[in-house]
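One letter stands for each residue in the lines below.
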Amino acid sequence: MERPCVVVARESGETARQRLAEADVIDQEFGIDVSDGSAASGAAEDDGQLYIPVTDPEAVPEDLEIERHDVPARTPQRTPADLLGEEPTYERLGDVVLVDEDGPERAAEIAEAIMESDIPVRSVLNRDSKVKGETRVRDWEVLADEGEERPPTETVHREYGHEFAVDVSEVYFSPRLATERNRVVEQVEPGEHALDMFTGAGPYAIPMADAGAEVVACDINPEAIEYLRENAERNGVADRITAHVGDVRALTDEYADWADRLVMNLPHTAAEFADAAVAFANDSAVVHLYDIQHEDDPFERGREALEDAAGDEYEVTTLEERVVRSYAPHELNVCLDARLDRID
Ligand SMILES: C[S@@+](CC[C@H](N)C(=O)[O-])C[C@H]1O[C@@H](n2cnc3c(N)ncnc32)[C@H](O)[C@@H]1O
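Definitions and cut-offs
- Residues numbered from 1 in each chain as written.
- Predicted model: local features only at pLDDT ≥ 70, side-chain atom pairs only at ≥ 80, totals over all residues.
- Helix = DSSP H or I, 4+ residues; strand = E, 2+ residues; numbered from the N terminus.
- Rg over C-alpha atoms; globule rule 2.2 N^0.38 Å.
- Contact = placed C-beta atoms within 7 Å.
- Domains from an automatic or database assignment.
- Nonpolar A, V, L, I, M, F, W, Y, C, P; charged D, E, K, R; others polar.
- Pairing = 2+ DSSP bridges.
- Axes fitted to C-alpha atoms, helices over the stretch in contact; angles between N-to-C directions.
- Expected span 1.5 Å × (residues − 1).
- Buried ≥ 20, exposed ≤ 12 C-beta atoms within 10 Å, placed from the backbone.
- Arc of directions from axis to C-beta.

Draft legend 1. Up close: the overall build of the protein chain. Each helix and strand in the protein chain was counted, giving eight helices and 17 strands. Radius of gyration (C-alpha) of the protein chain: 22 Å, near the 20 Å computed for a compact globule of 344 residues. Across its three principal axes, the protein chain shows a C-alpha extent of roughly 65 × 50 × 40 Å. Here the contacts in the protein chain between residues at least 6 apart in sequence split such that 63% fall between residues at least 24 apart.

Draft legend 2. Region of interest: the domain arrangement of the protein chain. By domain assignment, the protein chain separates into domain 1 (2-70), domain 2 (80-152) and domain 3 (175-342). The straight-line distance from the C-alpha centre of domain 2 to that of domain 3 is 30 Å. Each side of the interface is counted separately: domain 2 has five residues, and domain 3 has four residues. Looking at side-chain class alone, the side of domain 2 that touches domain 3 contains one nonpolar, one polar and three charged residues.

Draft legend 3. Local environment of the sheet that holds strand S6 (residues 96-99). Pairing is mixed in the open sheet, where four strands are placed in the order S5-S6-S7-S8. Lying at the two open borders of the sheet, with one neighbouring strand each, are strand S5 (91-93) and strand S8 (140-145). This sheet shows a mean twist of 30° between the axes of neighbouring strands, independent of strand direction. The pairing of S6 with strand S7 (residues 123-127) spans four bridges and is classified as parallel. Directly across from Val-97, in S7, lies its bridge partner Val-124. Sheet contacts for helix H3 (residues 104-116): S6, S7 and S8; angle to S8, the most-contacted strand, approximately 45°.

Draft legend 4. Examining the sheet that holds strand S14 (residues 259-264) more closely. Across the sheet, which stays open at both edges, the seven strands sit in the order S13-S12-S11-S14-S15-S17-S16 with mixed pairing between neighbours. Each of the sheet's edge strands pairs with one partner strand only, and the pair in question is strand S13 (241-245) and strand S16 (314-328). Put simply, the sheet's adjacent strands are angled 15° from each other on average, direction ignored. Here S14 runs beside strand S15 (residues 281-294); their pairing, made up of five bridges, is parallel. Along S15, the bridge assignment pairs Met-264 with Leu-289. Running at roughly 165° to S13, helix H6 (residues 222-234) makes contact with strand S12 (214-219) and S13 of the sheet.

Draft legend 5. Seen up close, H6. Taking 1.5 Å per residue as the helical rise, H6 with its 13 residues ought to reach 18 Å, and the 18 Å between its terminal C-alpha atoms agrees with that figure. Listed as buried for H6 are Ala-224, Ile-225, Tyr-227, Leu-228, Asn-231 and Ala-232. Taken end-on, H6 shows its buried residues confined to a sector of 160°, consistent with a single buried face. Residues of H6 that are exposed and point more than 90 degrees away from the buried face comprise Pro-222 and Glu-233. As for H6, its buried residues are in contact with strand S10 (162-167), helix H5 (205-210), S12 and S13.

Take a look at the structure:
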(Lines give C-alpha, C1' and ligand atoms only; values in the text may rest on other atoms or scores of the structure.)
Protein backbone atom coordinates (compact mmCIF):
# COMPACT_ATOMS: atom_id res chain seq x y z
CA MET A 1 0.00 0.00 0.00
CA GLU A 2 1.32 3.48 -0.86
CA ARG A 3 2.35 5.41 2.26
CA PRO A 4 4.53 8.45 3.03
CA CYS A 5 8.04 7.10 3.59
CA VAL A 6 11.46 8.45 4.49
CA VAL A 7 13.90 7.40 1.76
CA VAL A 8 17.50 6.75 2.77
CA ALA A 9 20.53 4.97 1.42
CA ARG A 10 20.80 1.53 2.96
CA GLU A 11 24.02 2.37 4.86
CA SER A 12 22.27 5.29 6.63
CA GLY A 13 19.17 3.19 7.36
CA GLU A 14 19.81 2.33 11.00
CA THR A 15 20.68 5.92 11.96
CA ALA A 16 17.57 7.23 10.20
CA ARG A 17 15.39 4.53 11.76
CA GLN A 18 16.63 5.40 15.26
CA ARG A 19 16.03 9.12 14.70
CA LEU A 20 12.50 8.42 13.46
CA ALA A 21 11.87 6.06 16.38
CA GLU A 22 12.94 8.85 18.74
CA ALA A 23 10.56 11.27 17.02
CA ASP A 24 7.93 8.50 17.38
CA VAL A 25 6.83 8.73 13.74
CA ILE A 26 7.51 5.23 12.39
CA ASP A 27 4.26 3.75 11.10
CA GLN A 28 4.27 0.35 12.82
CA GLU A 29 1.37 -0.92 10.74
CA PHE A 30 3.63 -1.15 7.71
CA GLY A 31 7.01 -2.78 7.14
CA ILE A 32 10.20 -1.09 5.91
CA ASP A 33 10.76 -1.78 2.22
CA VAL A 34 14.32 -2.95 1.67
CA SER A 35 15.17 -2.83 -1.98
CA ASP A 36 18.58 -4.27 -2.71
CA GLY A 37 19.35 -2.75 -6.08
CA SER A 38 18.66 -5.99 -7.92
CA ALA A 39 15.64 -6.62 -10.12
CA ALA A 40 15.05 -9.89 -8.19
CA SER A 41 14.33 -8.25 -4.82
CA GLY A 42 10.63 -7.96 -5.48
CA ALA A 43 10.65 -4.39 -4.20
CA ALA A 44 8.50 -1.89 -6.00
CA GLU A 45 11.62 -0.06 -7.15
CA ASP A 46 15.04 -1.64 -7.19
CA ASP A 47 17.17 1.37 -6.32
CA GLY A 48 19.16 0.14 -3.28
CA GLN A 49 17.25 2.44 -0.90
CA LEU A 50 15.30 1.91 2.30
CA TYR A 51 11.73 3.18 2.54
CA ILE A 52 10.65 3.72 6.14
CA PRO A 53 6.90 4.36 6.50
CA VAL A 54 5.99 7.32 8.74
CA THR A 55 2.76 8.34 10.44
CA ASP A 56 3.31 12.10 10.29
CA PRO A 57 5.54 13.52 7.52
CA GLU A 58 5.42 16.97 9.20
CA ALA A 59 7.18 15.57 12.29
CA VAL A 60 10.07 14.05 10.31
CA PRO A 61 13.45 15.82 10.79
CA GLU A 62 13.87 18.32 7.94
CA ASP A 63 17.04 16.85 6.45
CA LEU A 64 15.30 13.54 5.64
CA GLU A 65 13.68 13.05 2.23
CA ILE A 66 10.05 11.91 2.04
CA GLU A 67 8.17 10.31 -0.83
CA ARG A 68 5.15 8.06 -1.24
CA HIS A 69 6.08 4.42 -1.77
CA ASP A 70 4.53 0.96 -1.74
CA VAL A 71 5.25 -0.74 1.59
CA PRO A 72 3.94 -4.09 2.88
CA ALA A 73 1.26 -4.16 5.60
CA ARG A 74 2.53 -5.91 8.76
CA THR A 75 0.75 -8.81 10.32
CA PRO A 76 -0.42 -7.57 13.71
CA GLN A 77 2.06 -8.38 16.49
CA ARG A 78 1.14 -9.04 20.09
CA THR A 79 2.93 -6.62 22.36
CA PRO A 80 3.35 -7.01 26.14
CA ALA A 81 0.83 -4.14 26.44
CA ASP A 82 -1.76 -6.09 24.39
CA LEU A 83 -1.40 -9.03 26.77
CA LEU A 84 -1.37 -6.99 29.99
CA GLY A 85 -3.99 -4.39 29.02
CA GLU A 86 -1.54 -1.55 29.88
CA GLU A 87 1.96 -0.52 28.85
CA PRO A 88 4.65 -1.89 31.21
CA THR A 89 8.00 -0.11 31.53
CA TYR A 90 10.91 -2.08 30.15
CA GLU A 91 14.10 -1.68 28.15
CA ARG A 92 15.41 -3.95 25.45
CA LEU A 93 19.06 -4.91 25.33
CA GLY A 94 19.49 -7.25 22.37
CA ASP A 95 17.23 -10.21 23.09
CA VAL A 96 17.22 -9.51 26.84
CA VAL A 97 14.49 -7.39 28.41
CA LEU A 98 15.28 -5.35 31.53
CA VAL A 99 12.60 -4.33 34.02
CA ASP A 100 12.64 -2.53 37.36
CA GLU A 101 9.84 -3.90 39.53
CA ASP A 102 9.70 -4.08 43.34
CA GLY A 103 6.71 -6.41 43.76
CA PRO A 104 7.44 -10.05 42.86
CA GLU A 105 3.92 -10.74 41.58
CA ARG A 106 3.90 -7.73 39.30
CA ALA A 107 7.40 -8.59 38.07
CA ALA A 108 6.33 -12.15 37.25
CA GLU A 109 3.18 -10.94 35.46
CA ILE A 110 5.18 -8.52 33.28
CA ALA A 111 7.83 -11.13 32.52
CA GLU A 112 5.16 -13.60 31.42
CA ALA A 113 3.55 -11.05 29.10
CA ILE A 114 6.93 -10.14 27.61
CA MET A 115 7.82 -13.78 26.95
CA GLU A 116 4.39 -14.50 25.43
CA SER A 117 4.45 -11.43 23.20
CA ASP A 118 5.89 -11.40 19.68
CA ILE A 119 8.93 -9.31 20.55
CA PRO A 120 12.11 -11.36 20.04
CA VAL A 121 13.20 -12.06 23.61
CA ARG A 122 15.26 -14.77 25.26
CA SER A 123 15.27 -13.66 28.90
CA VAL A 124 13.73 -11.09 31.24
CA LEU A 125 15.80 -9.61 34.06
CA ASN A 126 14.70 -7.51 37.03
CA ARG A 127 17.02 -4.99 38.67
CA ASP A 128 17.96 -6.54 42.00
CA SER A 129 20.28 -3.83 43.33
CA LYS A 130 21.50 -0.35 42.52
CA VAL A 131 24.69 -0.05 40.46
CA LYS A 132 27.46 -0.98 42.87
CA GLY A 133 31.09 -0.17 43.58
CA GLU A 134 33.80 0.76 41.14
CA THR A 135 32.57 -1.41 38.28
CA ARG A 136 29.00 -0.03 38.44
CA VAL A 137 27.57 -3.50 37.82
CA ARG A 138 24.24 -4.34 39.48
CA ASP A 139 22.64 -7.61 40.57
CA TRP A 140 19.91 -9.04 38.35
CA GLU A 141 17.10 -11.42 39.17
CA VAL A 142 16.28 -13.73 36.26
CA LEU A 143 12.49 -13.58 35.84
CA ALA A 144 12.31 -15.67 32.68
CA ASP A 145 14.83 -17.53 30.56
CA GLU A 146 14.43 -19.69 27.50
CA GLY A 147 17.35 -21.68 28.80
CA GLU A 148 19.73 -21.60 25.87
CA GLU A 149 23.44 -22.16 26.30
CA ARG A 150 24.27 -18.48 26.76
CA PRO A 151 23.76 -17.07 30.27
CA PRO A 152 20.43 -15.19 30.49
CA THR A 153 22.37 -11.99 31.29
CA GLU A 154 24.46 -12.08 28.11
CA THR A 155 23.35 -10.71 24.77
CA VAL A 156 24.36 -8.84 21.64
CA HIS A 157 22.85 -5.37 21.49
CA ARG A 158 22.66 -3.26 18.34
CA GLU A 159 22.99 0.51 18.57
CA TYR A 160 23.38 2.98 15.69
CA GLY A 161 24.77 0.33 13.37
CA HIS A 162 27.23 -1.24 15.85
CA GLU A 163 27.03 -4.52 17.76
CA PHE A 164 27.90 -4.86 21.42
CA ALA A 165 28.23 -8.22 23.14
CA VAL A 166 27.79 -7.73 26.87
CA ASP A 167 26.88 -9.60 30.03
CA VAL A 168 25.08 -7.18 32.32
CA SER A 169 25.95 -9.28 35.37
CA GLU A 170 29.64 -8.57 34.67
CA VAL A 171 29.78 -5.20 32.90
CA TYR A 172 27.79 -1.95 33.11
CA PHE A 173 25.71 -1.21 30.01
CA SER A 174 22.66 1.03 29.63
CA PRO A 175 20.67 1.04 26.37
CA ARG A 176 19.06 4.32 27.53
CA LEU A 177 22.19 6.28 26.65
CA ALA A 178 22.19 5.41 22.94
CA THR A 179 21.12 8.86 21.72
CA GLU A 180 23.57 10.62 24.02
CA ARG A 181 26.45 8.43 22.92
CA ASN A 182 25.60 9.13 19.29
CA ARG A 183 25.60 12.88 19.99
CA VAL A 184 29.22 12.60 21.14
CA VAL A 185 30.26 10.24 18.35
CA GLU A 186 28.89 12.62 15.70
CA GLN A 187 31.42 15.25 16.83
CA VAL A 188 34.41 12.96 16.17
CA GLU A 189 36.78 13.92 13.34
CA PRO A 190 38.79 11.27 11.45
CA GLY A 191 42.34 11.01 12.78
CA GLU A 192 41.66 12.60 16.16
CA HIS A 193 42.92 11.04 19.40
CA ALA A 194 40.05 10.03 21.67
CA LEU A 195 40.51 8.71 25.19
CA ASP A 196 37.53 6.85 26.65
CA MET A 197 38.49 6.91 30.32
CA PHE A 198 35.68 4.60 31.60
CA THR A 199 34.90 2.53 28.55
CA GLY A 200 32.80 -0.44 29.75
CA ALA A 201 32.06 -2.74 26.79
CA GLY A 202 32.98 0.12 24.43
CA PRO A 203 29.75 1.86 23.37
CA TYR A 204 31.67 5.15 22.92
CA ALA A 205 35.07 3.75 21.99
CA ILE A 206 33.88 1.53 19.13
CA PRO A 207 31.77 4.06 17.21
CA MET A 208 34.46 6.72 17.77
CA ALA A 209 37.02 4.37 16.21
CA ASP A 210 34.58 3.65 13.39
CA ALA A 211 34.29 7.40 12.82
CA GLY A 212 38.06 7.40 12.19
CA ALA A 213 39.47 8.28 15.62
CA GLU A 214 42.49 6.63 17.15
CA VAL A 215 41.06 5.46 20.46
CA VAL A 216 42.56 4.58 23.82
CA ALA A 217 39.99 2.88 26.05
CA CYS A 218 40.42 2.06 29.72
CA ASP A 219 38.39 0.27 32.37
CA ILE A 220 39.16 -0.98 35.84
CA ASN A 221 36.89 -3.99 35.24
CA PRO A 222 38.80 -6.74 33.36
CA GLU A 223 35.53 -8.26 32.12
CA ALA A 224 34.62 -4.94 30.52
CA ILE A 225 37.89 -4.87 28.61
CA GLU A 226 37.35 -8.45 27.45
CA TYR A 227 34.01 -7.45 25.97
CA LEU A 228 35.50 -4.24 24.56
CA ARG A 229 38.15 -6.29 22.73
CA GLU A 230 35.55 -8.74 21.43
CA ASN A 231 33.36 -5.84 20.31
CA ALA A 232 36.25 -4.08 18.60
CA GLU A 233 36.80 -7.25 16.52
CA ARG A 234 33.10 -7.69 15.89
CA ASN A 235 32.82 -4.15 14.52
CA GLY A 236 36.06 -4.25 12.52
CA VAL A 237 37.85 -1.48 14.47
CA ALA A 238 40.38 -3.46 16.54
CA ASP A 239 43.27 -1.80 14.71
CA ARG A 240 42.19 1.65 15.93
CA ILE A 241 41.59 0.84 19.61
CA THR A 242 44.20 0.31 22.32
CA ALA A 243 42.65 -1.18 25.45
CA HIS A 244 43.98 -0.94 29.01
CA VAL A 245 42.76 -2.64 32.19
CA GLY A 246 43.23 -0.70 35.41
CA ASP A 247 42.76 2.68 37.03
CA VAL A 248 42.85 5.24 34.23
CA ARG A 249 45.02 7.51 36.40
CA ALA A 250 47.87 5.06 35.85
CA LEU A 251 47.96 6.12 32.17
CA THR A 252 48.66 9.83 32.68
CA ASP A 253 52.39 9.53 31.88
CA GLU A 254 51.95 7.23 28.88
CA TYR A 255 49.27 9.45 27.31
CA ALA A 256 50.35 12.89 28.63
CA ASP A 257 49.29 15.69 26.22
CA TRP A 258 47.83 13.05 23.86
CA ALA A 259 44.05 13.48 23.72
CA ASP A 260 41.92 15.67 21.43
CA ARG A 261 38.79 14.27 23.09
CA LEU A 262 38.10 12.78 26.52
CA VAL A 263 34.98 10.82 27.40
CA MET A 264 34.39 10.71 31.16
CA ASN A 265 31.30 8.58 31.65
CA LEU A 266 31.51 7.79 35.36
CA PRO A 267 28.63 9.80 36.84
CA HIS A 268 28.93 10.71 40.55
CA THR A 269 32.71 10.31 40.40
CA ALA A 270 34.07 11.64 37.07
CA ALA A 271 34.84 15.07 38.56
CA GLU A 272 37.43 13.38 40.81
CA PHE A 273 39.34 12.46 37.65
CA ALA A 274 39.66 16.04 36.39
CA ASP A 275 43.44 16.11 37.13
CA ALA A 276 43.91 13.03 34.95
CA ALA A 277 41.79 14.56 32.17
CA VAL A 278 43.95 17.70 32.17
CA ALA A 279 47.11 15.55 32.09
CA PHE A 280 45.75 13.67 29.04
CA ALA A 281 44.64 16.83 27.18
CA ASN A 282 46.74 18.14 24.32
CA ASP A 283 46.83 21.85 23.42
CA SER A 284 43.09 21.99 22.68
CA ALA A 285 40.92 19.12 23.87
CA VAL A 286 37.18 18.56 24.21
CA VAL A 287 35.92 16.89 27.41
CA HIS A 288 32.55 15.17 27.82
CA LEU A 289 32.10 14.91 31.59
CA TYR A 290 29.06 13.00 32.84
CA ASP A 291 27.56 13.55 36.26
CA ILE A 292 24.45 12.95 38.32
CA GLN A 293 23.57 16.02 40.37
CA HIS A 294 20.71 17.94 41.94
CA GLU A 295 18.69 19.80 39.31
CA ASP A 296 19.53 23.22 40.86
CA ASP A 297 23.00 23.34 39.30
CA PRO A 298 23.94 19.99 37.88
CA PHE A 299 26.96 21.26 35.90
CA GLU A 300 28.74 23.22 38.63
CA ARG A 301 30.73 20.39 40.21
CA GLY A 302 32.17 19.16 36.89
CA ARG A 303 33.04 22.67 35.70
CA GLU A 304 34.72 23.61 39.00
CA ALA A 305 36.71 20.38 39.04
CA LEU A 306 38.00 21.02 35.51
CA GLU A 307 38.82 24.65 36.34
CA ASP A 308 40.67 23.67 39.52
CA ALA A 309 42.63 20.98 37.69
CA ALA A 310 43.40 23.32 34.77
CA GLY A 311 44.80 26.04 37.07
CA ASP A 312 46.62 28.58 34.90
CA GLU A 313 47.76 25.91 32.43
CA TYR A 314 44.48 25.70 30.48
CA GLU A 315 41.51 27.94 29.78
CA VAL A 316 38.22 26.03 30.30
CA THR A 317 35.33 26.97 28.01
CA THR A 318 31.86 25.46 28.37
CA LEU A 319 30.66 24.24 24.97
CA GLU A 320 27.35 22.69 25.98
CA GLU A 321 25.39 21.84 29.10
CA ARG A 322 23.33 18.81 28.24
CA VAL A 323 20.62 17.16 30.31
CA VAL A 324 20.80 13.49 29.33
CA ARG A 325 17.84 12.26 31.38
CA SER A 326 16.16 12.57 34.69
CA TYR A 327 17.72 10.09 37.13
CA ALA A 328 15.63 10.40 40.29
CA PRO A 329 13.26 13.06 41.67
CA HIS A 330 15.21 16.37 41.42
CA GLU A 331 18.34 14.59 40.22
CA LEU A 332 19.62 14.79 36.66
CA ASN A 333 22.09 12.79 34.63
CA VAL A 334 23.98 15.48 32.70
CA CYS A 335 26.92 15.91 30.38
CA LEU A 336 29.17 18.96 30.46
CA ASP A 337 30.99 19.47 27.16
CA ALA A 338 33.99 21.73 27.73
CA ARG A 339 37.14 22.69 25.83
CA LEU A 340 40.56 22.87 27.44
CA ASP A 341 42.87 25.32 25.61
CA ARG A 342 46.47 25.51 26.73
CA ILE A 343 47.50 28.99 27.80
CA ASP A 344 50.86 29.92 26.21
C1 LIG B 1 29.02 4.13 34.16
S2 LIG B 1 30.10 2.90 33.49
C3 LIG B 1 30.22 3.49 31.81
C4 LIG B 1 30.65 2.45 30.83
C5 LIG B 1 30.52 2.87 29.36
N6 LIG B 1 31.23 4.10 29.08
C7 LIG B 1 29.07 2.97 28.94
O8 LIG B 1 28.62 4.05 28.54
O9 LIG B 1 28.36 1.94 28.98
C10 LIG B 1 31.66 3.39 34.20
C11 LIG B 1 32.81 2.42 33.96
O12 LIG B 1 33.98 2.98 34.59
C13 LIG B 1 34.78 1.92 35.12
N14 LIG B 1 35.69 2.51 36.13
C15 LIG B 1 35.38 2.88 37.40
N16 LIG B 1 36.46 3.42 38.00
C17 LIG B 1 37.47 3.42 37.09
C18 LIG B 1 38.82 3.87 37.11
N19 LIG B 1 39.37 4.40 38.20
N20 LIG B 1 39.55 3.73 35.99
C21 LIG B 1 39.02 3.16 34.88
N22 LIG B 1 37.74 2.71 34.81
C23 LIG B 1 36.97 2.84 35.89
C24 LIG B 1 33.76 0.92 35.62
O25 LIG B 1 34.29 -0.37 35.71
C26 LIG B 1 32.64 1.03 34.56
O27 LIG B 1 32.78 0.07 33.55
